[in-house]
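In case you want the letters, here they are:
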Amino acid sequence: MHTTGPTSRPRPTRRTLLKAAGAAAVATPALTPVASAATRVAEAADWDVVVIGAGFAGITAARELRARGKRVLVLEARDRIGGRTWTDTYGGRLIERGGTWVEPTQPYLGAELTRYSLALEEDEPISTTWLPTPSGPRQFTPEDGFGRIGTIFDRMFDGSRTYFERPFQPLHRSDLLQNLDKLTLRDRLTELALTPEEELLVNGQTAVYAGGSSTTGAFTMFAHWWALAGHTNQGWNDTMRWRIAKGTKALLQAMINEAKPTIKLSSPVASVNDTGSIAYVTTTAGTRYSAKAVVVAMPVNALSTVKFTPSLPAALTTATTQGIAVANAVKLWIHARKGAGRVYGQGAEGGSPIPMLLPFKETSEGMLYVAFSTDPRLDPTSVTQVKKAVQQLGVNLDIIGLKVHDWGRDPYARGGWAFRKPRQLTTLYPDVTFTSGRLSFASGDIANGWSGYIDGAIESGLRAARQAAGEE
(Lines give C-alpha, C1' and ligand atoms only; values in the text may rest on other atoms or scores of the structure.)
Protein backbone atom coordinates (compact mmCIF):
# COMPACT_ATOMS: atom_id res chain seq x y z
CA MET A 1 0.00 0.00 0.00
CA HIS A 2 1.24 3.45 -0.92
CA THR A 3 1.57 5.29 2.41
CA THR A 4 4.36 7.77 1.83
CA GLY A 5 1.94 10.45 0.65
CA PRO A 6 1.21 11.77 -2.84
CA THR A 7 3.33 14.14 -4.85
CA SER A 8 1.94 16.61 -7.32
CA ARG A 9 2.92 16.92 -10.95
CA PRO A 10 3.70 20.56 -11.75
CA ARG A 11 0.76 22.02 -13.61
CA PRO A 12 0.54 25.26 -15.59
CA THR A 13 -2.28 27.60 -14.75
CA ARG A 14 -4.19 29.98 -16.93
CA ARG A 15 -5.23 32.12 -13.99
CA THR A 16 -4.27 35.72 -13.44
CA LEU A 17 -3.23 35.88 -9.81
CA LEU A 18 -5.85 37.28 -7.49
CA LYS A 19 -5.12 40.38 -5.48
CA ALA A 20 -4.66 39.99 -1.75
CA ALA A 21 -7.97 39.76 0.02
CA GLY A 22 -7.07 41.98 2.97
CA ALA A 23 -5.98 41.41 6.51
CA ALA A 24 -9.21 39.96 7.79
CA ALA A 25 -12.44 38.72 6.25
CA VAL A 26 -15.89 39.25 7.64
CA ALA A 27 -17.09 36.20 9.56
CA THR A 28 -19.80 34.24 7.75
CA PRO A 29 -22.94 32.85 9.32
CA ALA A 30 -23.89 29.57 10.98
CA LEU A 31 -21.86 26.42 11.00
CA THR A 32 -24.61 24.26 9.49
CA PRO A 33 -26.25 24.81 6.09
CA VAL A 34 -28.99 27.41 5.95
CA ALA A 35 -32.22 26.86 4.11
CA SER A 36 -32.79 27.43 0.43
CA ALA A 37 -32.90 31.00 -0.88
CA ALA A 38 -36.47 31.70 -1.95
CA THR A 39 -35.90 35.32 -2.98
CA ARG A 40 -34.48 36.48 -6.30
CA VAL A 41 -32.39 39.14 -4.57
CA ALA A 42 -29.01 37.85 -3.38
CA GLU A 43 -28.45 38.25 0.35
CA ALA A 44 -24.83 39.05 -0.36
CA ALA A 45 -23.67 40.26 -3.77
CA ASP A 46 -19.93 40.19 -3.24
CA TRP A 47 -17.93 37.06 -2.38
CA ASP A 48 -14.30 36.20 -2.68
CA VAL A 49 -15.19 32.71 -3.92
CA VAL A 50 -18.42 30.96 -4.84
CA VAL A 51 -18.19 27.18 -4.58
CA ILE A 52 -20.74 25.22 -6.62
CA GLY A 53 -21.47 21.91 -4.88
CA ALA A 54 -21.47 20.76 -1.25
CA GLY A 55 -19.96 17.32 -1.71
CA PHE A 56 -16.52 16.42 -0.40
CA ALA A 57 -14.72 18.32 -3.17
CA GLY A 58 -16.70 21.51 -2.62
CA ILE A 59 -16.66 21.46 1.18
CA THR A 60 -12.92 20.75 1.20
CA ALA A 61 -12.32 23.72 -1.10
CA ALA A 62 -14.58 25.93 1.02
CA ARG A 63 -12.75 25.00 4.22
CA GLU A 64 -9.34 25.66 2.73
CA LEU A 65 -10.42 29.03 1.33
CA ARG A 66 -11.97 30.07 4.64
CA ALA A 67 -8.66 29.19 6.30
CA ARG A 68 -7.06 31.71 3.92
CA GLY A 69 -9.46 34.41 5.08
CA LYS A 70 -11.75 34.27 2.05
CA ARG A 71 -15.45 35.02 2.12
CA VAL A 72 -16.98 31.85 0.72
CA LEU A 73 -20.49 31.04 -0.46
CA VAL A 74 -21.38 27.41 -1.23
CA LEU A 75 -24.34 26.78 -3.52
CA GLU A 76 -25.78 23.28 -3.37
CA ALA A 77 -28.48 22.04 -5.74
CA ARG A 78 -29.85 19.44 -3.34
CA ASP A 79 -31.62 19.97 -0.02
CA ARG A 80 -28.71 18.27 1.77
CA ILE A 81 -24.93 18.29 1.84
CA GLY A 82 -22.87 15.34 0.62
CA GLY A 83 -23.24 15.15 -3.15
CA ARG A 84 -22.71 11.52 -4.16
CA THR A 85 -22.20 10.56 -0.53
CA TRP A 86 -25.41 10.36 1.47
CA THR A 87 -25.72 9.17 5.06
CA ASP A 88 -29.20 7.87 5.88
CA THR A 89 -30.90 5.31 8.12
CA TYR A 90 -32.66 2.06 7.28
CA GLY A 91 -33.75 -0.85 9.42
CA GLY A 92 -32.56 1.05 12.48
CA ARG A 93 -29.02 1.22 11.07
CA LEU A 94 -26.88 4.03 9.68
CA ILE A 95 -26.38 3.42 5.96
CA GLU A 96 -24.72 5.16 3.03
CA ARG A 97 -26.88 5.64 -0.04
CA GLY A 98 -23.83 6.86 -1.97
CA GLY A 99 -20.12 6.47 -1.26
CA THR A 100 -19.58 4.05 1.61
CA TRP A 101 -16.11 2.64 2.21
CA VAL A 102 -12.95 4.47 3.18
CA GLU A 103 -9.38 3.26 3.45
CA PRO A 104 -7.28 4.92 6.20
CA THR A 105 -4.09 4.59 4.16
CA GLN A 106 -5.59 6.75 1.42
CA PRO A 107 -3.54 9.87 2.17
CA TYR A 108 -6.03 12.71 1.87
CA LEU A 109 -8.89 10.87 3.53
CA GLY A 110 -6.57 9.47 6.20
CA ALA A 111 -5.36 12.96 7.07
CA GLU A 112 -8.95 14.14 7.55
CA LEU A 113 -9.83 11.21 9.79
CA THR A 114 -6.85 12.06 11.97
CA ARG A 115 -7.61 15.78 11.92
CA TYR A 116 -11.12 15.27 13.29
CA SER A 117 -10.45 12.14 15.37
CA LEU A 118 -13.13 10.17 13.56
CA ALA A 119 -13.32 6.48 14.35
CA LEU A 120 -13.69 3.77 11.72
CA GLU A 121 -15.84 0.67 11.87
CA GLU A 122 -14.70 -2.54 10.19
CA ASP A 123 -17.13 -4.66 8.21
CA GLU A 124 -17.79 -8.00 9.84
CA PRO A 125 -16.27 -11.00 8.02
CA ILE A 126 -18.13 -12.67 5.17
CA SER A 127 -19.08 -16.26 6.00
CA THR A 128 -20.04 -17.57 2.56
CA THR A 129 -19.11 -16.58 -0.98
CA TRP A 130 -21.11 -17.43 -4.09
CA LEU A 131 -19.26 -17.06 -7.40
CA PRO A 132 -20.23 -17.96 -10.98
CA THR A 133 -18.86 -21.10 -12.67
CA PRO A 134 -19.60 -22.73 -16.04
CA SER A 135 -22.11 -24.98 -14.27
CA GLY A 136 -23.78 -22.15 -12.37
CA PRO A 137 -23.28 -20.36 -9.03
CA ARG A 138 -20.98 -22.24 -6.67
CA GLN A 139 -20.28 -21.76 -2.99
CA PHE A 140 -16.67 -21.02 -1.96
CA THR A 141 -15.05 -20.15 1.30
CA PRO A 142 -14.11 -16.44 1.28
CA GLU A 143 -10.41 -17.33 1.42
CA ASP A 144 -10.67 -19.66 -1.57
CA GLY A 145 -13.02 -17.53 -3.66
CA PHE A 146 -11.31 -14.18 -3.21
CA GLY A 147 -7.92 -15.88 -3.44
CA ARG A 148 -8.80 -17.27 -6.88
CA ILE A 149 -9.97 -13.83 -8.01
CA GLY A 150 -6.77 -12.26 -6.68
CA THR A 151 -4.59 -14.71 -8.59
CA ILE A 152 -6.25 -13.64 -11.85
CA PHE A 153 -5.99 -9.94 -10.99
CA ASP A 154 -2.29 -10.42 -10.27
CA ARG A 155 -1.89 -11.60 -13.86
CA MET A 156 -4.22 -8.95 -15.22
CA PHE A 157 -2.29 -6.07 -13.66
CA ASP A 158 1.19 -7.52 -14.02
CA GLY A 159 3.47 -4.62 -14.91
CA SER A 160 1.45 -1.97 -13.04
CA ARG A 161 4.45 -1.27 -10.79
CA THR A 162 6.18 0.04 -13.91
CA TYR A 163 3.50 1.88 -15.88
CA PHE A 164 1.92 3.25 -12.68
CA GLU A 165 5.21 3.57 -10.83
CA ARG A 166 3.94 6.75 -9.13
CA PRO A 167 0.17 6.26 -8.82
CA PHE A 168 -0.52 9.85 -7.70
CA GLN A 169 1.28 11.06 -10.82
CA PRO A 170 -0.69 8.91 -13.28
CA LEU A 171 1.10 10.22 -16.38
CA HIS A 172 4.61 9.77 -14.97
CA ARG A 173 5.15 6.96 -17.50
CA SER A 174 2.94 8.33 -20.25
CA ASP A 175 5.26 6.69 -22.76
CA LEU A 176 4.10 3.28 -21.52
CA LEU A 177 0.46 4.29 -21.08
CA GLN A 178 -0.26 5.49 -24.62
CA ASN A 179 -0.95 1.98 -25.93
CA LEU A 180 -2.33 0.59 -22.67
CA ASP A 181 -4.90 3.39 -22.38
CA LYS A 182 -6.44 2.29 -25.68
CA LEU A 183 -7.44 -1.04 -24.15
CA THR A 184 -10.86 -1.82 -22.73
CA LEU A 185 -11.14 -4.24 -19.85
CA ARG A 186 -12.50 -6.72 -22.39
CA ASP A 187 -9.35 -6.30 -24.48
CA ARG A 188 -7.17 -7.10 -21.50
CA LEU A 189 -9.23 -10.13 -20.47
CA THR A 190 -8.94 -11.45 -24.01
CA GLU A 191 -5.17 -10.97 -23.95
CA LEU A 192 -4.92 -13.14 -20.83
CA ALA A 193 -6.53 -16.11 -22.59
CA LEU A 194 -8.30 -17.16 -19.40
CA THR A 195 -10.07 -20.48 -19.02
CA PRO A 196 -13.87 -20.29 -18.90
CA GLU A 197 -13.70 -20.84 -15.13
CA GLU A 198 -11.21 -18.02 -14.65
CA GLU A 199 -13.08 -15.64 -16.92
CA LEU A 200 -16.32 -16.06 -14.97
CA LEU A 201 -14.60 -15.34 -11.66
CA VAL A 202 -13.65 -11.80 -12.68
CA ASN A 203 -15.74 -10.52 -15.59
CA GLY A 204 -18.67 -9.70 -13.30
CA GLN A 205 -16.43 -7.28 -11.41
CA THR A 206 -14.88 -5.74 -14.51
CA ALA A 207 -18.35 -5.27 -16.00
CA VAL A 208 -20.04 -3.63 -13.02
CA TYR A 209 -17.15 -1.27 -12.29
CA ALA A 210 -17.08 -0.19 -15.96
CA GLY A 211 -20.81 0.45 -16.04
CA GLY A 212 -22.34 -2.79 -17.23
CA SER A 213 -19.93 -4.05 -19.86
CA SER A 214 -16.21 -4.77 -19.87
CA THR A 215 -16.14 -3.31 -23.39
CA THR A 216 -16.78 0.25 -22.19
CA GLY A 217 -14.32 0.75 -19.32
CA ALA A 218 -10.61 1.52 -19.64
CA PHE A 219 -8.17 -1.14 -18.53
CA THR A 220 -5.95 1.65 -17.16
CA MET A 221 -8.71 2.80 -14.79
CA PHE A 222 -8.87 -0.50 -12.92
CA ALA A 223 -5.08 -0.84 -13.13
CA HIS A 224 -4.71 2.63 -11.60
CA TRP A 225 -6.89 1.63 -8.63
CA TRP A 226 -4.87 -1.56 -8.28
CA ALA A 227 -1.63 0.45 -8.19
CA LEU A 228 -3.03 2.91 -5.64
CA ALA A 229 -4.01 -0.08 -3.48
CA GLY A 230 -0.38 -1.22 -3.39
CA HIS A 231 -0.49 -3.55 -6.43
CA THR A 232 -1.92 -6.38 -4.28
CA ASN A 233 -5.21 -8.21 -3.95
CA GLN A 234 -5.20 -7.63 -0.18
CA GLY A 235 -4.83 -3.91 -0.70
CA TRP A 236 -7.64 -3.93 -3.23
CA ASN A 237 -9.94 -5.88 -0.91
CA ASP A 238 -9.17 -3.45 1.91
CA THR A 239 -10.79 -0.63 -0.06
CA MET A 240 -14.16 -2.21 0.86
CA ARG A 241 -13.37 -2.99 4.48
CA TRP A 242 -13.82 0.18 6.59
CA ARG A 243 -16.55 2.78 7.07
CA ILE A 244 -16.67 6.00 9.10
CA ALA A 245 -18.46 4.91 12.27
CA LYS A 246 -20.73 7.95 12.38
CA GLY A 247 -21.19 8.12 8.61
CA THR A 248 -19.60 10.13 5.84
CA LYS A 249 -21.75 13.09 6.87
CA ALA A 250 -19.83 13.26 10.16
CA LEU A 251 -16.65 14.17 8.28
CA LEU A 252 -18.41 16.72 6.11
CA GLN A 253 -20.05 18.34 9.12
CA ALA A 254 -16.71 18.49 10.95
CA MET A 255 -15.24 20.38 7.98
CA ILE A 256 -18.21 22.78 7.94
CA ASN A 257 -18.06 23.32 11.71
CA GLU A 258 -14.42 24.33 11.41
CA ALA A 259 -14.74 26.59 8.37
CA LYS A 260 -18.23 28.07 8.79
CA PRO A 261 -18.83 28.94 5.13
CA THR A 262 -22.23 30.22 4.11
CA ILE A 263 -24.13 27.36 2.49
CA LYS A 264 -27.34 27.73 0.53
CA LEU A 265 -29.19 24.51 -0.17
CA SER A 266 -31.77 23.88 -2.92
CA SER A 267 -29.87 26.33 -5.13
CA PRO A 268 -29.05 24.63 -8.44
CA VAL A 269 -26.89 26.74 -10.73
CA ALA A 270 -28.04 27.66 -14.23
CA SER A 271 -25.10 29.68 -15.53
CA VAL A 272 -21.59 30.90 -14.80
CA ASN A 273 -20.33 34.01 -16.58
CA ASP A 274 -16.66 34.93 -16.26
CA THR A 275 -16.26 38.50 -17.50
CA GLY A 276 -12.52 38.49 -16.92
CA SER A 277 -12.70 40.92 -14.02
CA ILE A 278 -15.44 39.20 -12.03
CA ALA A 279 -17.49 36.01 -12.24
CA TYR A 280 -21.27 35.84 -11.97
CA VAL A 281 -23.09 32.70 -10.83
CA THR A 282 -26.85 32.58 -11.45
CA THR A 283 -29.17 29.98 -9.95
CA THR A 284 -32.18 28.45 -11.70
CA ALA A 285 -34.33 30.65 -9.44
CA GLY A 286 -32.69 33.71 -10.98
CA THR A 287 -30.53 34.80 -8.05
CA ARG A 288 -27.16 36.13 -9.19
CA TYR A 289 -23.98 36.16 -7.09
CA SER A 290 -20.71 37.83 -7.96
CA ALA A 291 -17.29 36.60 -6.92
CA LYS A 292 -13.61 37.04 -7.61
CA ALA A 293 -13.28 33.32 -8.27
CA VAL A 294 -15.51 30.27 -8.65
CA VAL A 295 -14.80 26.67 -7.71
CA VAL A 296 -17.00 24.38 -9.81
CA ALA A 297 -17.26 21.28 -7.60
CA MET A 298 -19.81 19.35 -9.64
CA PRO A 299 -19.75 15.81 -11.03
CA VAL A 300 -18.23 15.94 -14.50
CA ASN A 301 -21.32 14.30 -16.04
CA ALA A 302 -23.46 17.19 -14.71
CA LEU A 303 -21.32 20.05 -16.05
CA SER A 304 -23.39 20.01 -19.22
CA THR A 305 -26.43 21.22 -17.23
CA VAL A 306 -24.80 24.62 -16.60
CA LYS A 307 -24.23 27.31 -19.24
CA PHE A 308 -20.65 28.53 -19.02
CA THR A 309 -19.54 31.80 -20.62
CA PRO A 310 -16.89 31.51 -21.99
CA SER A 311 -17.40 27.82 -22.77
CA LEU A 312 -15.73 25.14 -20.74
CA PRO A 313 -12.15 24.28 -21.69
CA ALA A 314 -11.90 21.64 -24.42
CA ALA A 315 -10.84 18.82 -22.09
CA LEU A 316 -13.79 19.37 -19.73
CA THR A 317 -16.20 19.78 -22.64
CA THR A 318 -15.05 16.39 -23.93
CA ALA A 319 -15.24 14.87 -20.44
CA THR A 320 -18.81 15.99 -19.80
CA THR A 321 -19.89 14.97 -23.31
CA GLN A 322 -18.36 11.50 -23.04
CA GLY A 323 -19.12 11.15 -19.33
CA ILE A 324 -16.76 9.78 -16.71
CA ALA A 325 -19.08 8.51 -13.96
CA VAL A 326 -21.05 5.31 -14.62
CA ALA A 327 -24.34 6.46 -16.16
CA ASN A 328 -26.57 3.55 -15.05
CA ALA A 329 -25.34 3.23 -11.48
CA VAL A 330 -27.96 2.10 -8.96
CA LYS A 331 -27.28 1.33 -5.32
CA LEU A 332 -29.73 -0.84 -3.40
CA TRP A 333 -30.12 -1.52 0.30
CA ILE A 334 -31.98 -4.79 0.78
CA HIS A 335 -33.64 -5.60 4.10
CA ALA A 336 -34.14 -9.36 4.42
CA ARG A 337 -35.32 -11.68 7.13
CA LYS A 338 -32.80 -13.87 8.90
CA GLY A 339 -31.61 -16.95 7.10
CA ALA A 340 -29.01 -16.23 4.43
CA GLY A 341 -26.40 -14.90 6.86
CA ARG A 342 -23.28 -12.95 5.95
CA VAL A 343 -23.22 -14.04 2.33
CA TYR A 344 -21.41 -12.41 -0.60
CA GLY A 345 -22.74 -12.95 -4.11
CA GLN A 346 -21.09 -12.09 -7.43
CA GLY A 347 -22.50 -12.69 -10.88
CA ALA A 348 -21.02 -13.13 -14.34
CA GLU A 349 -21.03 -10.41 -16.96
CA GLY A 350 -24.38 -10.41 -18.74
CA GLY A 351 -25.90 -12.61 -16.03
CA SER A 352 -27.84 -11.24 -13.08
CA PRO A 353 -28.91 -7.58 -13.30
CA ILE A 354 -27.51 -7.35 -9.75
CA PRO A 355 -23.89 -8.50 -10.21
CA MET A 356 -22.70 -7.80 -6.67
CA LEU A 357 -24.28 -8.33 -3.23
CA LEU A 358 -22.56 -7.77 0.12
CA PRO A 359 -23.75 -8.26 3.70
CA PHE A 360 -23.94 -5.29 6.04
CA LYS A 361 -25.46 -5.57 9.51
CA GLU A 362 -28.14 -7.42 11.41
CA THR A 363 -31.33 -5.60 12.34
CA SER A 364 -34.07 -6.45 14.80
CA GLU A 365 -35.91 -8.20 11.94
CA GLY A 366 -33.09 -9.69 9.93
CA MET A 367 -30.13 -8.45 7.89
CA LEU A 368 -29.25 -5.52 5.64
CA TYR A 369 -27.42 -6.14 2.37
CA VAL A 370 -25.97 -3.64 -0.07
CA ALA A 371 -26.10 -4.35 -3.80
CA PHE A 372 -25.27 -2.62 -7.08
CA SER A 373 -26.79 -2.65 -10.52
CA THR A 374 -25.91 -1.09 -13.86
CA ASP A 375 -28.68 -2.82 -15.80
CA PRO A 376 -31.35 -0.35 -16.99
CA ARG A 377 -33.80 -3.24 -17.46
CA LEU A 378 -34.00 -3.83 -13.71
CA ASP A 379 -36.72 -2.11 -11.70
CA PRO A 380 -34.75 -1.75 -8.45
CA THR A 381 -37.90 -0.87 -6.51
CA SER A 382 -39.54 -4.20 -7.37
CA VAL A 383 -39.11 -6.80 -4.63
CA THR A 384 -40.00 -9.53 -7.15
CA GLN A 385 -37.32 -8.45 -9.65
CA VAL A 386 -34.66 -7.90 -7.00
CA LYS A 387 -35.36 -11.27 -5.38
CA LYS A 388 -35.05 -13.02 -8.74
CA ALA A 389 -31.83 -11.15 -9.57
CA VAL A 390 -30.27 -12.14 -6.24
CA GLN A 391 -31.34 -15.77 -6.75
CA GLN A 392 -29.35 -15.77 -9.99
CA LEU A 393 -26.27 -15.22 -7.81
CA GLY A 394 -27.09 -18.37 -5.84
CA VAL A 395 -28.47 -16.43 -2.87
CA ASN A 396 -32.05 -16.69 -1.62
CA LEU A 397 -33.28 -13.69 0.38
CA ASP A 398 -36.66 -13.28 2.06
CA ILE A 399 -36.92 -9.57 1.31
CA ILE A 400 -38.74 -7.27 3.72
CA GLY A 401 -38.10 -4.03 1.87
CA LEU A 402 -35.78 -1.96 -0.31
CA LYS A 403 -34.18 1.48 -0.18
CA VAL A 404 -32.79 2.50 -3.55
CA HIS A 405 -31.13 5.44 -5.26
CA ASP A 406 -30.64 5.61 -9.00
CA TRP A 407 -27.57 7.81 -9.37
CA GLY A 408 -27.79 7.76 -13.15
CA ARG A 409 -31.20 9.42 -13.04
CA ASP A 410 -30.20 11.82 -10.28
CA PRO A 411 -30.31 15.20 -12.10
CA TYR A 412 -27.42 16.60 -10.06
CA ALA A 413 -25.14 13.57 -10.47
CA ARG A 414 -26.03 11.92 -13.78
CA GLY A 415 -23.94 8.96 -12.78
CA GLY A 416 -22.46 7.07 -9.87
CA TRP A 417 -18.84 6.09 -9.30
CA ALA A 418 -16.17 7.33 -11.70
CA PHE A 419 -14.72 4.92 -14.25
CA ARG A 420 -12.77 6.36 -17.16
CA LYS A 421 -13.21 5.21 -20.72
CA PRO A 422 -10.34 4.21 -23.02
CA ARG A 423 -8.01 7.10 -23.95
CA GLN A 424 -9.54 9.48 -21.40
CA LEU A 425 -6.51 9.34 -19.11
CA THR A 426 -3.97 10.13 -21.82
CA THR A 427 -6.07 12.65 -23.77
CA LEU A 428 -7.89 14.57 -20.99
CA TYR A 429 -5.23 14.69 -18.27
CA PRO A 430 -3.76 16.92 -16.96
CA ASP A 431 -5.92 19.55 -18.72
CA VAL A 432 -9.07 18.66 -16.75
CA THR A 433 -7.29 19.77 -13.58
CA PHE A 434 -6.33 23.25 -14.86
CA THR A 435 -8.06 26.55 -14.21
CA SER A 436 -9.98 28.52 -16.82
CA GLY A 437 -9.98 32.26 -16.19
CA ARG A 438 -11.49 32.75 -12.75
CA LEU A 439 -12.82 29.19 -12.61
CA SER A 440 -11.28 26.16 -10.92
CA PHE A 441 -12.72 22.65 -11.10
CA ALA A 442 -13.00 20.06 -8.35
CA SER A 443 -14.49 16.58 -8.44
CA GLY A 444 -13.52 13.07 -7.46
CA ASP A 445 -14.06 12.31 -11.15
CA ILE A 446 -10.89 14.20 -12.08
CA ALA A 447 -8.56 13.35 -9.20
CA ASN A 448 -4.99 12.41 -10.01
CA GLY A 449 -5.15 9.62 -7.44
CA TRP A 450 -8.25 7.89 -6.10
CA SER A 451 -10.69 8.99 -8.78
CA GLY A 452 -14.17 7.81 -7.83
CA TYR A 453 -13.39 7.75 -4.10
CA ILE A 454 -13.81 10.27 -1.27
CA ASP A 455 -10.01 10.55 -1.15
CA GLY A 456 -9.99 11.76 -4.74
CA ALA A 457 -12.72 14.32 -4.07
CA ILE A 458 -10.73 15.75 -1.15
CA GLU A 459 -7.56 15.83 -3.28
CA SER A 460 -9.32 17.81 -6.01
CA GLY A 461 -10.89 20.19 -3.49
CA LEU A 462 -7.48 21.00 -2.02
CA ARG A 463 -6.08 21.66 -5.48
CA ALA A 464 -9.00 23.87 -6.52
CA ALA A 465 -8.69 25.93 -3.33
CA ARG A 466 -5.03 26.65 -4.08
CA GLN A 467 -5.97 27.64 -7.60
CA ALA A 468 -8.83 29.87 -6.48
CA ALA A 469 -6.50 31.56 -3.99
CA GLY A 470 -4.05 32.28 -6.80
CA GLU A 471 -1.36 29.98 -5.42
CA GLU A 472 -0.94 27.87 -8.58
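Rules used throughout
- Residues numbered from 1 in each chain as written.
- Predicted model: local features only at pLDDT ≥ 70, side-chain atom pairs only at ≥ 80, totals over all residues.
- Heavy atoms only, no water.
- UniProt positions renumbered as here; feature names shortened; annotations may be inferred.
- Helix = DSSP H or I, 4+ residues; strand = E, 2+ residues; numbered from the N terminus.
- Rg over C-alpha atoms; globule rule 2.2 N^0.38 Å.
- Buried < 20%, exposed > 50% of the residue type's maximum accessible area, 1.4 Å probe, protein only.
- Contact = heavy atoms within 4.5 Å.
- Lys, Arg positive; Asp, Glu negative; His and termini not counted.
- Charge placed at Lys NZ, Arg CZ, Asp CG, Glu CD.
- Arc of directions from axis to C-beta.
- Pairing = 2+ DSSP bridges.
- Axes fitted to C-alpha atoms, helices over the stretch in contact; angles between N-to-C directions.
- Parallel < 35°, antiparallel > 145°, perpendicular 65-115°, else oblique.
- Left-handed = near helix turned anticlockwise from the far one by under 90°.
- Nonpolar A, V, L, I, M, F, W, Y, C, P; charged D, E, K, R; others polar.
- pLDDT = per-residue confidence, 0-100.
- Salt bridge = Lys/Arg side-chain N within 4 Å of Asp/Glu carboxyl O.
- Core = buried A, V, L, I, M, F, W, Y, C linked by side-chain atoms within 4.5 Å.

As annotated in an unreviewed UniProt entry, the protein carries the name Flavin monoamine oxidase family protein and comes from Streptomyces osmaniensis. Listed in UniProt under the heading Cofactor (unreviewed entry), the comment for the protein reads: "FAD". One UniProt comment on the protein, placed under Sequence similarities (unreviewed entry), says "Belongs to the flavin monoamine oxidase family."

Okay, the overall build of the protein next. Scanning the protein for helices and strands turns up 14 helices and 19 strands. Against the compact-globule benchmark of 23 Å for 472 residues, the protein has a radius of gyration of 22 Å, which places it among compact chains. Counting only residues that meet the buried cut, the protein has 60% of its 472 residues in that class. In the protein, the proportion of contacts linking residues at least 24 apart, taken out of those at least 6 apart, comes to 75%. Where the 52 positive side-chain charges of the protein centre and where its 43 negative ones centre are 6 Å apart.

Regarding helix α11 (residues 314-322), the residues found buried are Ala315, Leu316, Ala319 and Thr320. Looking straight down α11, one finds its buried side chains confined to an arc of 125°; they lie on one side. Along α11, exposed side chains directed more than 90 degrees from the buried face belong to Ala314 and Thr321. Those residues of α11 that are buried are in contact with α13 (424-428) and β19 (439-441).

Okay, the sheet that holds strand β17 (residues 366-373) next. Strand order in the open sheet formed by seven strands is β7-β6-β15-β16-β17-β14-β18, with mixed pairing between adjacent strands. If you trace the sheet from one side to the other, it starts and ends with β7 (136-140) and β18 (399-406), each paired once. Between one strand and the next, the sheet's axes are offset by a mean angle of 20°, whatever the strand orientation.

Side chains of strand β15 (residues 343-346) alternate between two faces, with Val343 and Gly345 and Tyr344 and Gln346 buried alike. Direction of pairing for β15 relative to strand β16 (residues 356-362): antiparallel, over a ladder of two bridges. Paired with Gly345 across the bridge in β16 is Leu357.

The UniProt entry lists residues 56-467 under the feature "domain: Amine oxidase" (unreviewed entry), expressed in the numbering used here. As annotated, residues 56-467 comprises 33% helix and 23% strand, and the C-alpha atoms at either end are separated by 17 Å.

This part takes up the packing of helix α1 (residues 56-67) against helix α10 (residues 248-259). Viewed as axis vectors pointing N to C, α1 and α10 meet at an angle of 25°, and their least axial separation amounts to 9 Å. On the basis of their axis angle, the class for α1 and α10 is roughly parallel. Two packed elements cross with a definite hand, and for α1 against α10 that hand is left-handed. Across from Phe56, Ile59, Thr60, Arg63 and Arg66 in α1, the residues of α10 making contact are Thr248, Leu251, Leu252, Met255, Ile256, Glu258 and Ala259. Its residues placed into classes, the contact of α1 with α10 shows seven nonpolar, two polar and three charged.

On average, residues of the protein carry a pLDDT of 92, and 90% of them reach 70 or more. Below pLDDT 50 for its whole length, residues 1-45 participates in 97 contacts with residues either more than four positions away or in separate chains.

Attention now moves to unusual backbone geometry. The step from Thr309 to Pro310 runs through a cis peptide bond, and the omega angle for that step is -5°. On the secondary structure map, Pro310 appears in the loop between β13 (307-309) and α11. Between Tyr429 and Pro430 the backbone carries a cis peptide bond, its omega angle lying at 0°. Take Pro430: it is sitting in the loop between α13 and β19. Of note in this structure, Ser266 is not a glycine but carries a positive phi near 50°.

Applying the stated criterion across every chain yields a total of 28 salt bridges. Close ionic contact of Glu199 with Arg186 constitutes a salt bridge, the shortest N to O distance being 2.8 Å. Here Glu199, found in helix α7 (residues 196-210), pairs with Arg186, found in helix α6 (residues 185-192); they are 13 residues apart in sequence, far enough to count as distant. In this structure, the salt-bridge partner of Glu459 is Arg463, at a minimum N-O distance of 3.7 Å. With Glu459 and Arg463 both in helix α14 (residues 454-468) and four residues apart, the pair spans about one turn of that helix. With relative accessibility at 6%, the residue Glu459 sits in the buried group. For Arg463, a relative accessible area of 1% translates into the label buried.

Membership of the largest hydrophobic core comes to 123 residues, with the highest contact counts inside it found for Trp225 and Val295. The element best represented in this core is helix α8 (residues 219-228), accounting for eight residues. Non-local contacts of Trp225, meaning those with residues more than four positions away in its chain, are made with Tyr209, Trp236, Ala418, Phe419, Trp450, Ser451 and Tyr453. Leu332, Ala371, Leu397 and Leu402 belong to the second largest nonpolar core, which has 21 residues in total.

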